[in-house]
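# Analysis of the macromolecular model
Spelled out, the chains give:
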Amino acid sequence: IVLYTTHDEKIVFQVKWNGASKRVRWITTTKISIQDWYHVAVTYDANDVTNQPIIYINGQKQPVYTYSGVVEGTYYGVATSYDCYIGNISPSSP
């Protein structure tokens, strides 16, 4: 599981499935400001491949769309052998 902001300050939620795409990312259409504090929450039910995450910023549900990948196969889950990341990602990454 990865939750980060892009170089243009949109929020991305990423999970891993064992299908061909492996990683699936959803992104908000809303931009945030790096100068302000926000409360960000994500809910995600991986029991059904048709589910999408719900991302909240300061308690308000945000529109999201699939940024990359395809949900297929079996949800990889939270692996204890890998790190979980929350935060910003390098400016060169989407």
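Residues numbered from 1 in each chain as written. Predicted model: local features only at pLDDT ≥ 70, side-chain atom pairs only at ≥ 80, totals over all residues. Heavy atoms only, no water.

### Observations concerning the confidence of the model for the chain
Any segment with low pLDDT has predicted coordinates that should not be analysed in fine detail. Convention followed: As a per-residue measure, pLDDT reflects the predictor's confidence and takes values from 0 up to 100. For helices the rule is a DSSP run of H or I covering at least 4 residues; for strands it is a run of E covering at least 2, with both sets numbered from the N terminus onward.
Scored by pLDDT, the chain has a mean of 83; 80% of the residues are at 70 or more. Averaged pLDDT values over the elements of the chain bottom out at 66 in strand β8 (residues 85-88) and peak at 97 in strand β6 (residues 60-62).

### Section: the packing of aromatic side chains
Each pair of aromatic rings is reported with the distance of its centres and the angle of its planes. Spelled out, the test is: Classification of ring pairs rests on two measures: the distance between centres of Phe, Tyr or Trp rings, Trp counted by its six-membered ring, which must be within 6.5 Å, and the angle between planes, read as stacked under 30 degrees, edge-to-face over 60 and tilted in between. The classification of residues rests on relative accessible area computed with a 1.4 Å probe and restricted to protein chains. Under 20% of the type maximum is buried, over 50% is exposed, and intermediate values are partly exposed.
Considering all chains together, one arrives at five aromatic pairs under this definition. A ring pair is formed by Phe13 and Trp26, whose centres lie 6.3 Å apart and whose planes are at 25°; its orientation type is stacked. Remark: Trp26 occurs in strand β3 (residues 23-31) and Phe13 occurs in strand β2 (residues 10-16); sequence separation between them is 13 residues. Ring geometry for Trp26 versus Tyr44: centroids 5.3 Å apart, planes at 50°, classification tilted. Residue Trp26 is located in strand β3, and its partner Tyr44 is located in the loop between β4 (40-43) and β5 (54-57); the two are separated by 18 residues in the primary sequence. The buried category is assigned to Trp26, whose relative accessible area is 1%. An aromatic cluster of three or more residues is present, and its members are Phe13, Trp17, Trp26, Tyr44 and Tyr75.

### Regarding the side chain of Gln14
What counts is decided by this rule: Here a polar contact is recorded for every N or O atom pair within 3.5 Å, except that within protein the pair must consist of a potential hydrogen donor and a potential acceptor, and residues adjacent in sequence are included only if both atoms are side-chain atoms. The criterion used for residue contact is that any of the two residues' heavy atoms lie within 4.5 Å.
As for its placement among the helices and strands, Gln14 is situated in strand β2. Here Arg25 takes part through its side chain, which lies 2.6 Å from a polar atom of the side chain of Gln14. With sequence-adjacent residues up to four places away left out, Gln14 is seen in contact with Ile1, Val2, Arg23, Val24 and Arg25.

### As for the pairing of β5
Here is the rule: Between any two strands, pairing holds if DSSP finds at least two bridges.
Going residue by residue along β5, you find Ile55 and Ile57 tucked away on one face and Ile54 and Tyr56 left uncovered on the opposite face. Pairing of β4 with β5, which is carried by four bridges, proceeds in the antiparallel orientation. Considered in β5, the bridge of Ala41 is made with Tyr56. Here β5 runs beside β6; their pairing, made up of three bridges, is antiparallel.

### Focus on the environment of His39
For His39, the position within the fold is in the loop between β3 and β4. Each residue touching His39, except ones within four places of it in the same chain, is listed here: Tyr56, Ile57 and Asn58.

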